[in-house]
There are 2 protein chains.
Amino acid sequence: MQKEHNLSKNQKIIFDLIDKSGGPMKAYSILFNVQKKGIKAPLQVYRALGKLVEIGKIHKIESRNAFIACQNSSCQVSKATAFSICESCENVSEISNSKLSKYLSNFSDNSGMKYSKYNLEFFGLCKKCKSK
Amino acid sequence: MQKEHNLSKNQKIIFDLIDKSGGPMKAYSILFNVQKKGIKAPLQVYRALGKLVEIGKIHKIESRNAFIACQNSSCQVSKATAFSICESCENVSEISNSKLSKYLSNFSDNSGMKYSKYNLEFFGLCKKCKSK
DNA sequence: TAACGTTATGTAATAATATAACATTTATAA
DNA sequence: TTATAAATGTTATATTATTACATAACGTTA
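First things first, this report covers the structure right here in the doc. (Residues numbered from 1 in each chain as written. Chains lettered and ligands numbered in written order. Predicted model: local features only at pLDDT ≥ 70, side-chain atom pairs only at ≥ 80, totals over all residues. Heavy atoms only, no water.)

### With respect to the pairing of strand E3 (residues 80-86) of chain A
Note on strand geometry: in a regular strand, side chains alternate between the two faces of the sheet.
Residues and elements named next belong to chain A.
Thought 1: In terms of burial, E3 is largely enclosed, as 7 of its 7 residues are buried.
Thought 2: Residues Ala80, Ala82, Ser84 and Cys86 line one face of E3 and the alternating positions Thr81, Phe83 and Ile85 line the opposite face, and both faces are buried.
Thought 3: Here E3 pairs with strand E4 (residues 92-94) via 3 bridges, running antiparallel. Counted as the bridge partner of Ser84 is Ser93 from E4.
Thought 4: Hairpin geometry of E3 and E4 is characterised by an intervening segment of 5 residues between the two adjacent antiparallel strands and by a positive phi of about 65° at Glu90. (Buried < 20%, exposed > 50% of the residue type's maximum accessible area, 1.4 Å probe, protein only. Helix = DSSP H or I, 4+ residues; strand = E, 2+ residues; numbered from the N terminus. Pairing = 2+ DSSP bridges.)

Listed below in structure tokens is the structure:
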């Protein structure tokens, strides 16, 4: 269960935008979209993004430098994320598969390393793009 | 088994540098290091990096914007990569665990998506940093 | 409520990462 | 040898992200 966080003004504006978009958004596209709301500088966007990522309301899609609203209410606050990315239309969705997350959360090898977090990105073609 | 590729001059210079470094290197750090060899512009570096990634000689660590030599001779040419990253010392190593790669390569869900590639990054503390 | 510490905001400048566009050269193979 | 693809060189520019510093709002607790 996610802890309730009281988002600040900028955090709320930016979260709502990303959430409503339904897909990944890039920082400067966000900036462009919130300028009418008084958010004028990149840093204002990046600060809000940083906080939203920290509390698990959004995730960063590392391979795309983009941010997407968390679609998984039971997600362990960004400690365990998996995404599927269509390399043709760039559609992204969060994978919530308990077997997968259990498998990866429990993964360990003989490196002596203690894993506390992972991010997995799958690439391929989505249903639509496959049939083109 | 990896196909043999004849690296071009720039590709060889840049691969050798990354390989010898033993860890991840960032593009502009690479640029700085190869300037004495006549590679003067970012694009020359990025082009070589692009090709080296394409043929699987190096991998990009997406969360770090860095590039590391492939440490896994049997790796499926960058189609299936997994790394462990120490969040304290930033040491990165490639995970080659056949159970893991088999599990992920065969992963599928009911999204209708055909996955042809994945990248997994684990984060945590390495042995050394844990004991500090 | 006053004082304090923490979190968030505003603003300007700049750093770090990556690509576009175009001209030329080298390697490969038909 | 010719033509085709791959690689190179160069300049400029686009995109992504942070540093530094000043101020304001919020939450706690004395």
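### With respect to the pattern of salt bridges
Thought 1: All told, the structure shown has 8 salt bridges over all chains when counted by the stated rule.
Thought 2: One salt bridge connects Glu87(A) with Lys117(B), and the closest N-O pair in it is separated by 3.7 Å. Taken together, the positions of Glu87(A) in the loop between E3 and E4 and Lys117(B) in strand E5 (residues 114-125) put the pair across two chains.
Thought 3: Measuring nitrogen to oxygen at the nearest pair gives 3.7 Å for the salt bridge that ties Glu54(B) to Lys51(B). Pair noted here: Glu54(B) and Lys51(B) are both in helix H3 (residues 42-54), with a separation of 3 residues, about one helical turn. (Salt bridge = Lys/Arg side-chain N within 4 Å of Asp/Glu carboxyl O.)

### Quick look at the interface of chain B and chain A
Quoted interface sizes are often the accessible area lost when the parts come together.
Thought 1: Facing the 32 residues of chain B at the interface are 32 residues of chain A.
Thought 2: Buried area between chain B and chain A, summed over both chains or domains, comes out near 2,800 Å², and the portion from carbon and sulfur atoms is 63%.
Thought 3: Counting every contact that joins chain B to chain A gives 2 salt bridges.
Thought 4: Between the two partners, chain B and chain A, sit 10 residue pairs in polar contact (both at pLDDT 80 or more). (Contact = heavy atoms within 4.5 Å. Buried area = accessible area lost by both parts, 1.4 Å probe. Polar contact = N/O pair within 3.5 Å; in protein donor to acceptor, adjacent residues only side chain to side chain.)

### Structural notes on the protein's contact with DNA strand C
Thought 1: In the vicinity of DNA strand C there are 16 residues, among which Gln44(A), Arg47(A), Lys26(B), Leu43(B) and Lys60(B) approach most closely.
Thought 2: A share of 45% of the atoms of DNA strand C within 4 Å of the protein falls on sugar and phosphate groups.
Thought 3: Separating a phosphate oxygen of DNA strand C from a side-chain N or O atom of Ser8(A) is a distance of 2.7 Å.
Thought 4: The separation between a phosphate oxygen of DNA strand C and a polar side-chain atom of Lys26(B) is 2.3 Å.
Thought 5: For the surface near DNA strand C, the elements supplying multiple residues, two or more each, are helix H1 (9-21) and helix H3 (42-54) of chain A together with H3 of chain B.
Thought 6: No other element matches the 4 residues that H3(A) contributes to the surface near DNA strand C.
Thought 7: In terms of residue class, the surface near DNA strand C is built from 5 nonpolar, 5 polar and 6 charged. (Near = heavy atom within 4 Å. Nonpolar A, V, L, I, M, F, W, Y, C, P; charged D, E, K, R; others polar.)

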